[in-house]
Amino acid sequence: MSDHDKSLWLKTCQEHVESSPLIGDLTVDLAVIGGGYTGCSAALTAAQAGASVCLLEAQEIGHGGSGRNVGLANAGLWLPPDDIRQHLGGEAGDRLIDLLAAAPGDVFDLIEKHEINCEPVRNGTLHCAHSTKGLRDLQARHAQLSATGAPVDLVSAHQTARRTGSAAFLGALFDPRAGTIQPLSYVQGLARAAAEAGARIATQNPVQSMQHNDDVWTLITDQGTVRAKSVIQATNAYHQGLQKTAPAYVPVYYFQFATAPLSDNLRASILPGGEGCWDTGLIMTSFRMDAEGRMIIGAMGDLSQAGRAAHTAWIRRKLAELFPQLADQPLIEGWHGRIAMTSDHIPKITQIGPNALSVHGYSGRGIGPGTVFGRLAAESLLQDDPSLLPVPAVPQYHEVWTGLRRAYFETGAVLTHFVKARF
Ligand SMILES: Cc1cc2nc3c(=O)[nH]c(=O)nc-3n(C[C@H](O)[C@H](O)[C@H](O)COP(=O)(O)OP(=O)(O)OC[C@H]3O[C@@H](n4cnc5c(N)ncnc54)[C@H](O)[C@@H]3O)c2cc1C
């Protein structure tokens, strides 16, 4: 059994899209490779605009990061606004900041419009200060975000303790625009909405190769072909095959564990307002509740490698440290996922050929951004208007030392967890 099979999200998923592998040949306006938020949002947008669409997914919808994440539907990127402007320039930076400020609203609107059954709770998120340095970082973020008009608030240590149920933090940054979802149900629901709008959703269907001749792309799969004028490759950290168009990123692993549903007594003292949380640690920790009152706690690390024991021992200790009342709670489900990190933490759009875009590199912030980037990539291709893209498309994107940097992150997480679990 793989770690993904032990995911809580697979167990509690309430949405399902009817799909099957594609057999034979199909001609469409847009072919989408990958069934995560980016691909499903692109397919939904295109089908609603009246285009013919086929989405090809190698495994099942939500097999990648979209079915494994924490479910924090946040505004913006990890980077504070000044850093985004510094990397992209003022005008492009401001456009991306505005688009992603609206992203949680876009997500919750889609959930409402398509009646996606995915445990939506829009009660905001708390970014919690684990140290005085972390608190200073939150104060700087608060100043920058407020200057963009974001309705964020700094919360005192006392109020943070009351709202989280943990005395471990020195304060928090509250963002009321954000919320939590059941991430796999959301992506399955997006795919279901796309299918209802007319998109063909084909699963268990890896695209093995693609070629462009006479203005037409041909995508080859096991038992069929898809011919399309335009292509969106939305494979992110779970890209397989298609060597020539493989996205460049540093793989960073993140794991989560869930308790059984907590008693009403315990639930009353922990996150009574239902916010989703993460802390300011470099090797960060996240925590949130699901609809049935399970505590879901996560941190950086790969459960399939030698560090599993260190990560597991540490998360037990961390749970008890944050919430002493949960010290004896067994951790039932444990799973992990791969994040596509870019050096500047800004998602990339690469022009992989005529009318063909590859979108990747959300660097751990992909629910809102994936929904927005997928939508705008589809609109840009269908309307033949590159100015609609959320970031300019680049002809190529490279990352260096990706294996070494992956090892650096994982070793850092293992060492931190090993030391902290023992001392
Ligand atoms: C553990 C974890 C926690 C995270 N927490 C959060 C969070 O709380 N909030 C947040 O906003 N973001 C979070 N993220 C990031 C977010 O989950 C991702 O950025 C987002 O899911 C990326 O969506 P995507 O559609 O681009 O890619 P994915 O969801 O990874 O989908 C890519 C799909 O492409 C398919 N594919 C690959 N190759 C082929 C091929 N050749 N043919 C056909 N299909 C193919 C894969 O099977 C996969 O299903 C987290 C990520 C992880 C891993």
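For every chain, the first residue of its written sequence is number 1, and the numbers climb from 1 along that sequence. It should be noted that, the model being predicted, local features are given only for residues of pLDDT at least 70 and side-chain atom pairs only at 80 or more, the latter also being counted only at that level, while totals for whole chains, interfaces and linings use all residues. Here the side-chain values reflect all heavy atoms present in the structure, with hydrogen atoms and water set aside.

K.L.:
When you look at the site of the ligand in this model, what are you seeing that I'm missing?
P.N.:
Residues are labelled near a given molecule or strand when at least one of their non-hydrogen atoms is within 4 Å of it. Near the ligand you find 38 residues, and of these Thr-38, Glu-57, Ser-66, Leu-72 and Gln-240 are the closest. Contacts described as polar in this section are N or O atom pairs within 3.5 Å, which, within protein, must combine one atom able to donate a hydrogen with one able to accept it, while residues neighboring in sequence count only if both atoms come from side chains. For the ligand, an oxygen atom lies 3.4 Å from a polar atom in the backbone of Gly-64. Out of a free accessible area of 1,000 Å², the ligand has 98% covered by protein chains. Of all elements in the fold, only α2 (37-48) and β16 (331-341) reach the threshold of two or more residues within the shell around the ligand. Elements are defined by DSSP. Helices are runs of H or I of four residues or more, strands are runs of E of two residues or more, and each kind is numbered from the N terminus. At 3 residues, β16 tops the list of elements feeding residues into the shell around the ligand. Taken together, the residues of the shell around the ligand break down into 15 nonpolar, 19 polar and 4 charged. Each accessible area value is a Shrake-Rupley result obtained with a 1.4 Å probe; residue values ignore everything except the protein chains displayed when judging cover. Classes in brief: Ala, Val, Leu, Ile, Met, Phe, Trp, Tyr, Cys and Pro nonpolar; Asp, Glu, Lys and Arg charged; the others, Gly included, polar.

K.L.:
Would you take a moment to explain the sheet that holds β16 for this structure?
P.N.:
Two strands qualify as a pair provided DSSP detects at least 2 bridges between them. Within the open sheet, the 8 strands sit side by side as β5-β6-β4-β13-β14-β15-β12-β16. Their pairing is mixed. Every interior strand has two partners, whereas the edge strands, β5 (153-155) and β16, have only one. Strand after strand, the sheet turns through a mean of 20 degrees between neighbouring axes, direction not considered. Pairing of strand β14 (residues 285-289) with strand β15 (residues 295-300) involves 5 bridges; the strand directions are antiparallel. By the bridge assignment, Arg-288 is partnered in β15 with Ile-296. A contact between two residues is defined here by any heavy atoms of the two lying within 4.5 Å. Fitted lines through C-alpha atoms give the axes, limited to the stretch in contact for helices. The angle between two N-to-C directions lies from 0 to 180 degrees. Helix α6 (residues 132-147) rests against β4 (125-128), β5 and β6 (172-175) of the sheet, and its axis sits at about 30 degrees to β6.

K.L.:
Explanation requested: the nonpolar core in the structure shown.
P.N.:
Buried together is how nonpolar side chains tend to be arranged in soluble globular proteins. With 60 residues, the main nonpolar core has Tyr-186 and Ile-232 as its most contacted residues. Once residues lying within four places of it in the same chain are set aside, the contact partners of Ile-232 are Leu-30, Ala-31, Val-32, Ile-33, Ala-42, Leu-357, Val-359, Ala-377, Ala-378 and Leu-381. Think of a nonpolar core as a cluster: buried Ala, Val, Leu, Ile, Met, Phe, Trp, Tyr and Cys residues, connected wherever their side-chain atoms sit within 4.5 Å. For every residue, the accessible area (1.4 Å probe, protein chains only) is compared with the maximum for its type, and the residue is labelled buried under 20%, exposed over 50%, or partly exposed between those bounds. The next biggest cluster of nonpolar side chains, apart from the first, holds 26 residues, and it includes Leu-126, Phe-169, Leu-266 and Ile-270.

K.L.:
Help me out: how do you make sense of the packing of helix α3 (residues 81-88) against helix α4 (residues 90-101) in this one?
P.N.:
Pairs of packed helices are described in terms of their axes, by the angle between the two and the distance that separates them. Relative orientation of the contacting elements α3 and α4 amounts to 135 degrees, with a least axis distance of 7 Å. Accordingly, the angle class assigned to the pair α3 and α4 is oblique. Viewed along their axes, α3 and α4 form a crossing whose handedness is right-handed. Residues Pro-81, Ile-84, Arg-85 and Leu-88 of α3 form the contact with α4, whose own contacting residues are Gly-90, Ala-92, Gly-93, Asp-94, Leu-96 and Ile-97. Residues of the contact of α3 with α4, tallied by class, amount to 6 nonpolar, 2 polar and 2 charged. When describing relative orientation, an angle under 35 degrees is termed roughly parallel and one over 145 degrees roughly antiparallel, while 65 to 115 degrees is termed roughly perpendicular and anything else oblique. The handedness criterion is simple: a crossing whose near helix is rotated anticlockwise from the far helix by less than a right angle is left-handed, and one whose near helix is rotated clockwise is right-handed.

K.L.:
What should I look at first to understand the pattern of salt bridges in this one?
P.N.:
Between side chains of opposite charge, a pair can form as their charged atoms come close. Salt bridges are defined as contacts in which a side-chain nitrogen from Lys or Arg sits within 4 Å of a carboxyl oxygen from Asp or Glu. This structure, assessed with the given rule, holds 13 salt bridges. A salt bridge links Asp-94 to Arg-85, with the shortest nitrogen-to-oxygen separation between them at 2.6 Å. Residue Asp-94 is classed as partly exposed on the basis of its relative accessible area of 33%. Lys-318 is the salt-bridge partner of Glu-321, the closest N and O atoms lying 3.6 Å from each other. Separated by 3 residues within a single helix, Glu-321 and Lys-318 lie in helix α10 (residues 308-322), roughly one turn from each other. With relative accessibility at 48%, the residue Glu-321 sits in the partly exposed group. Within the structure, one salt-bridge network assembled from shared partners comprises Glu-15, Arg-192 and Glu-196.

K.L.:
How should I be thinking about the packing of aromatic side chains in this particular structure?
P.N.:
How two aromatic rings sit relative to each other is set out by the distance from centre to centre and by the angle between their planes. Planes of paired rings set the category: under 30 degrees apart is stacked, over 60 is edge-to-face and the rest tilted, where pairs are Phe, Tyr or Trp rings (Trp by its six-membered ring) whose centres lie within 6.5 Å. As enumerated under the stated definition, the model contains 7 aromatic pairs in all. Ring geometry for Trp-78 against Trp-278: centres 6.0 Å apart, planes inclined by 85 degrees, an arrangement best described as edge-to-face. Residue Trp-78 is found in the loop between β3 (72-73) and α3, and its partner Trp-278 is found in strand β13 (residues 276-279); the two are separated by 200 residues along the sequence. Seen in terms of ring centroids, Phe-169 and Phe-287 are 5.9 Å apart; in terms of plane orientation they differ by 10 degrees. Their pairing is stacked.

K.L.:
In this structure, what is going on with helix α11 (residues 367-382)? I would like to understand it.
P.N.:
For an α-helix, the turn length of 3.6 residues means that residues three or four places apart are oriented alike. The length a helix should cover is 1.5 Å for every residue beyond the first. With 16 residues, α11 extends 23 Å from end C-alpha to end C-alpha; this agrees with the ideal 22 Å at 1.5 Å per step. With respect to burial, α11 is a largely interior element, 13 of its 16 residues being buried. Where α11 terminates, the next one or two residues include Asp-384, which has phi positive at roughly 50 degrees.

K.L.:
Whenever I open this one, the pairing of strand β18 (residues 356-360) confuses me. Can you help?
P.N.:
Side-chain direction in a regular strand flips from residue to residue, so the side chains alternate between the two faces of the sheet. Counted residue by residue, β18 has 5 buried out of 5 residues, so it is predominantly covered. Inspection of the sheet shows strand β11 (residues 224-233) paired to β18 by 3 bridges, in the parallel sense. Note on β18: the bridge partner recorded for Val-231 is Ala-356. Alignment of strand β17 (residues 348-353) against β18, held across 5 bridges, turns out to be antiparallel. The residue bridging Lys-348 from the neighbouring strand is His-360, located in β18. Adjacent in sequence and paired antiparallel, β17 and β18 are bridged by 2 residues, among which Asn-355 carries a positive phi angle near 55 degrees.

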